[in-house]
Amino acid sequence: MAEVTVQQLADVVGVSVERLLKQMLEAGIKGKNEGSKVSEGERQDLLTYLKRSHGENAESGEPKKITLKRKTTSQLKVAGASGKKKTINIEVRKKRTYVKRTPAEDEAVAAPAEEAQVETAAAQEAAAGSAPEVAAVVQAPAEQAPATEAEAPKSEPVVEKAVEVESDAPPAPAAPKVDHREEAQRREKKKQQQQQRRSEDKKPPRGAKPAARTGRGGFDEERGRRGGKLTRGAGKGRGRAGKPNVHGFKEPTAPVVHEVQIPESITVADLAKKMSIKAAEVIKVMFKMGAMATINQVIDQDTAILVVEEMGHVAKPMQENAVEEALIESLQQSQGEASGRAPVVTVMGHVDHGKTSLLDYIRTTRVAAGESGGITQHIGAYHVETDNGMITFLDTPGHAAFTAMRARGAKLTDIVILVVAADDGVMPQTEEAVQHAKAAGVPLVVAVNKIDKEDADPDRVKNELAQRDVIPEDWGGEVQFVNVSAKTGQGIDELLESVLLQAEVLELTAVADAPAQGVVVESRLDKGRGSVSTVLVQNGTLRRGDIVLAGLHYGRVRAMTDENGNAIEEAGPSIPVEILGLDGTPDAGDDFTVVSNEKKAREVALFRQGKFREIKLARQQASKLENLFANMQAGDVQSLNIVLKADVRGSLEALTQTLEDLSTDEVKVNIVSGGVGGISETEANLALASNAIVIGFNVRADNQAKAIVEREGIELRYYSVIYDIIDDVKQAMSGLLSPEYREQIVGVAEVRDVFRSPKIGAVAGCMVIEGTVYRNKRIRVLRDNVVIYEGELESLRRFKDAVAEVRQGMECGIGVKNYNDVKVGDQIEVFDTIEVQRTI
């Protein structure tokens, strides 16, 4: 036969290539692979090895072991679940193995057998009956010798019979020499002896403790001697390898001590998972320690450490900001070479002083006309190309309600342009802007606007700012003053040159080839696009597809546009862009960073959300404890519930702060819910449940929300100017104030004489000297201008007729109820209590 490859030989034999290579390696044929050639000599060596491993003598060619198989099939009819009989096919497979021993092996087996016969006949039979079973080896025909072990079915039931081996019997006719009657008698006698041993020694049932054996000699450790014959043993619980079928897991003898990493807060379930125990055990230990807890309850770090140490484990407290610090370290490792960048300039000043109009002229757009009421209510971010370089502008609101926006604008900027109207001078928000710039350590450039007006007075502006420690350069200070006109464009070029000169002094740099970092300028919820965030890149380059972590939210940048709405692929340092893809609307002023993968971003975001939730709950709990007794003493406080929705996050923040500041000791403004985006069905249901009014700032309600509002009569109001919201909320709060009661004197009568009546008692004859005396109003009796009695009139008569009122200059008789000590000269004062509505 010509040379064949290993693959071809494996196909002929019927085994896998891996098994054939393993057998060739065991036979001493090395260095073969799937495509290697196998010579005739190598095949003979492999065949000799396989014959030897299966018990055949390679020299004589006579087999030492023969295995016979038999298979029978029968049918069994059983009743099914529905009562019908069904037929089950039963297949029984039997296998019997005959082994021919050498004379040396016969002597080794016969010697202990003769010694056993000397002792007792019963011991001989027991030894012969308890000999170990012969391992069943499936022997294929000689042509398929390499495939014998691989083709043996592992899952088929096998019924093995005991085999009696004669040393001088030829291997082929060995089967007819077996006497089945003697074999059955031997099994019955063996069964009786085993039952007798169990009753005497009180041992567990058979199979609970199988006898251990080694080798083919059939050594029985339980009885300590060898049998003369190879018979099938009684070890039913043994596996194919002849090992006891015992569970592989062993219970640890020593307690397992875990090192538990404990964060600042952790639930009972998570703590139990870290210690690899059940949560019920942790709850039990906490109960013994005097702390009641549930499986989902959050416990602090100190409590968790006590519980872990009580249960015998080692507690290792985690650092407070371990996740945040790991993120910072990863960002620091990716820093590169710094280069120059454009300045970020924030325009600040009082309302209506011309900030947006100034930027409008620079950008040659009409932004101010698009703002509600002509005032800026958002932070606008723009970048413009000038003849001397690029400048990024941030336009902040000037209204008093937007203090937080101005403070945030001062923190994320390099230079502040303070716009002051030449005809108006320094106003409250101008002074506040100066304080924000100084607090942030940002240099100022003052733009004196509206210089084209007739009543413009730039020197007045300089004097007023000098009083607030803003000294002009021509007065020996460091602040540049530029006279400009946003209407005519006068001084605009000088202003830009001043800004770029200040930027050169600051030497602004940033790393372009690094993951982007920056600040969220504004964010809103767009119905068609989802969360839209305006961000300012301060370092690195932001690209479409980056994973962005911004405050409590994260996401992949799906789209990126500039301030004009044009789609862009990347944005470098000092460039403001709008990004889509975050899972929420981050707060204005939150830092954003680009992280390497979404898993890390999710981990940090969840950590921050948990931290924010804990701080919020702690603040609420502290507020409840602090105000507990105060609320008990003050009684019920009226509350005006408001559901507030705004178009952008910055406006929502400003409105929330302004409305909450309107609260007084008697009426409290409670923002039940605040969010960004349109008014949905959820907000309408919440307003219905909490008896709140719904306020929409530059947003509208959808159809479902409108249906609920109309059906339930919920008060829904739309606004586009913040002044109107403040005025209407003040009116609503005034309606909740308890009314004020005042006393008004309506008439005075002077006692001229006193008469005695047997029915009424003392009757005062009076003259009405002021106003009108009424019968049904309360009165006071004054003597020498001192109140001596307060009560009611019992009767009021004019002559003999009872009247309801008596006017000034007329006489009347007055009877005072339950009071008879009226004297001449006393004054009877009639007064009325009126209700006066209070206002905020």
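Quick caveat, the model's predicted, so the values are computed rather than measured. (Residues numbered from 1 in each chain as written. Predicted model: local features only at pLDDT ≥ 70, side-chain atom pairs only at ≥ 80, totals over all residues. Heavy atoms only, no water.)

### Quick word on the environment of Val345
In step 1: Here Val345 is to be found in strand 13 (residues 344–349).
In step 2: C-alpha separation for the pair Val345 and Leu394, spaced 49 residues apart in sequence, amounts to 6.1 Å.
In step 3: Beyond its immediate stretch of four places on either side in the chain, Val345 contacts Ile391, Thr392, Phe393, Leu394, Thr413, Ile415, Ile417 and Val499. (Helix = DSSP H or I, 4+ residues; strand = E, 2+ residues; numbered from the N terminus. Contact = heavy atoms within 4.5 Å.)

### Brief notes about the side chain of Lys462
In step 1: Along the polypeptide, Lys462 turns up in helix 14 (residues 458–466).
In step 2: Once you skip the residues sitting within four places of it in the chain, Lys462 turns out to touch Pro472, Asp474, Trp475 and Phe481.

### Focus: the pattern of salt bridges
In step 1: Counting across every chain of the model gives 27 salt bridges.
In step 2: In this structure, Arg780 and Glu790 form a salt bridge, with 3.6 Å as the shortest nitrogen-oxygen distance. Taken together, the residues Arg780 in strand 34 (residues 778–783) and Glu790 in strand 35 (residues 786–798) connect sequence positions 10 residues apart.
In step 3: We classify Glu790 as partly exposed; its relative accessible area is 38%.
In step 4: A salt bridge links Arg783 to Asp821; the nearest nitrogen and oxygen atoms lie 4.0 Å apart. Here Arg783, found in strand 34, pairs with Asp821, found in the loop between strand 38 (811–816) and strand 39 (827–836); they are 38 residues apart in sequence, far enough to count as distant.
In step 5: Judged by its relative accessible area of 21%, Arg783 falls in the partly exposed class.
In step 6: Within this structure, Glu743, Arg778, Arg780, Glu790, Glu792 and Glu829 form a network of salt bridges that share partners. (Salt bridge = Lys/Arg side-chain N within 4 Å of Asp/Glu carboxyl O. Buried < 20%, exposed > 50% of the residue type's maximum accessible area, 1.4 Å probe, protein only.)

### Observations regarding the sheet that holds strand 24 (residues 553–561)
In step 1: With antiparallel pairing, the 6 strands of this closed barrel are ordered in space as 20-21-26-24-23-27. Neighbouring strand axes in the sheet, compared pairwise and without regard to direction, differ in orientation by 45° on average.
In step 2: Relative to strand 27 (residues 591–595), strand 20 (residues 517–526) runs antiparallel, the two being bridged by 3 bridges. Within strand 27, the residue paired with Gln517 across the bridge is Thr593. (Pairing = 2+ DSSP bridges. Axes fitted to C-alpha atoms, helices over the stretch in contact; angles between N-to-C directions.)

### Some thoughts on the packing of aromatic side chains
In step 1: Inspection of the entire model under this criterion finds 1 aromatic pair.
In step 2: Geometry around Tyr718 places Arg700 over its ring, the cationic atom sitting 4.4 Å from the centre.
In step 3: Here the basic side chain of Lys777 rests over the ring of Tyr774, its NZ or CZ set 5.3 Å away from the ring centre. (Phe/Tyr/Trp six-rings, centres within 6.5 Å; stacked < 30°, edge-to-face > 60°. Lys NZ or Arg CZ within 6 Å of the ring centre and 35° of its normal.)

### Side note on the sheet that holds strand 30 (residues 693–697)
As a general point, the strands of a sheet are linked pairwise by backbone hydrogen bonds and lie either parallel or antiparallel.
In step 1: An order of 29-28-30-31 is seen for the 4 strands of this open sheet, with the pairing classed as parallel. A single partner strand is all that each edge strand has here, and the edge strands are strand 29 (667–676) and strand 31 (716–719). When strand polarity is set aside, the average angle formed by the axes of neighbouring strands in this sheet is 25°.
In step 2: With 9 bridges connecting them, strand 28 (residues 638–646) and strand 29 associate as parallel partners. In the strand pairing of strand 29, Gln638 is matched with Val667.
In step 3: Packed onto the sheet, helix 18 (residues 649–661) meets strand 28, strand 29 and strand 30 and runs at close to 170° relative to strand 29.

### With respect to the pairing of strand 27
In step 1: Most of strand 27 is tucked away, with 4 of its 5 residues classed as buried.
In step 2: Pairing analysis gives 4 bridges linking strand 23 (residues 547–550) to strand 27, with the strands arranged antiparallel. Opposite Ala550, over in strand 27, you have Phe592 as the bridge partner.

### A word on the side chain of Ser523
In step 1: Structurally, Ser523 is set in strand 20.
In step 2: Using a relative accessible area of 1% as the deciding quantity, one classes Ser523 as buried.
In step 3: In terms of polar contacts, Ser523 uses its side chain to reach the backbone carbonyl oxygen of Pro586, at 2.6 Å. (Polar contact = N/O pair within 3.5 Å; in protein donor to acceptor, adjacent residues only side chain to side chain.)

### Considerations on unusual backbone geometry
In step 1: Its identity is not glycine, yet Lys450 carries a phi of approximately 60°, on the positive side.
In step 2: If you trace the backbone, Lys450 turns up in the loop between strand 17 (444–449) and helix 14.
In step 3: Located in the positive-phi region is Asn818, a residue other than glycine, with phi close to 60°.
In step 4: Inspection of the secondary structure puts Asn818 in the loop between strand 38 and strand 39.

### Description of the pairing of strand 39
In step 1: Of the pairings in the sheet, the one linking strand 32 (residues 740–757) to strand 39 comprises 10 bridges and is antiparallel in character. For Tyr741, the partnering residue across the bridge sits in strand 39 and is Glu835.
In step 2: The pairing of strand 34 with strand 39 spans 5 bridges and is classified as antiparallel. Within strand 39, the residue paired with Ile779 across the bridge is Val830.

### Concerning the confidence of the model for the protein
In step 1: This prediction gives the protein a mean pLDDT of 75; 72% of its residues lie at or above 70.
In step 2: Confidence, expressed as mean pLDDT per element, reaches its minimum in the protein at strand 5 (residues 159–160) with 38 and its maximum at helix 8 (residues 279–288) with 92. (pLDDT = per-residue confidence, 0-100.)

### With respect to the nonpolar core
In step 1: With 24 residues, the main nonpolar core has Leu358, Ile391, Phe393, Ile417 and Leu495 as its most contacted residues.
In step 2: At the level of secondary structure, the elements contributing two or more residues to this core comprise strand 13, helix 11 (355–363), strand 14 (380–386), strand 15 (389–395), strand 16 (415–421), strand 17 and helix 15 (492–506).
In step 3: Here this core gets 6 residues from one element, more than from any other, and that element is helix 15.
In step 4: Residues Leu655, Leu662, Val669 and Ile722 belong to the second largest nonpolar core, which totals 21 residues. (Core = buried A, V, L, I, M, F, W, Y, C linked by side-chain atoms within 4.5 Å.)

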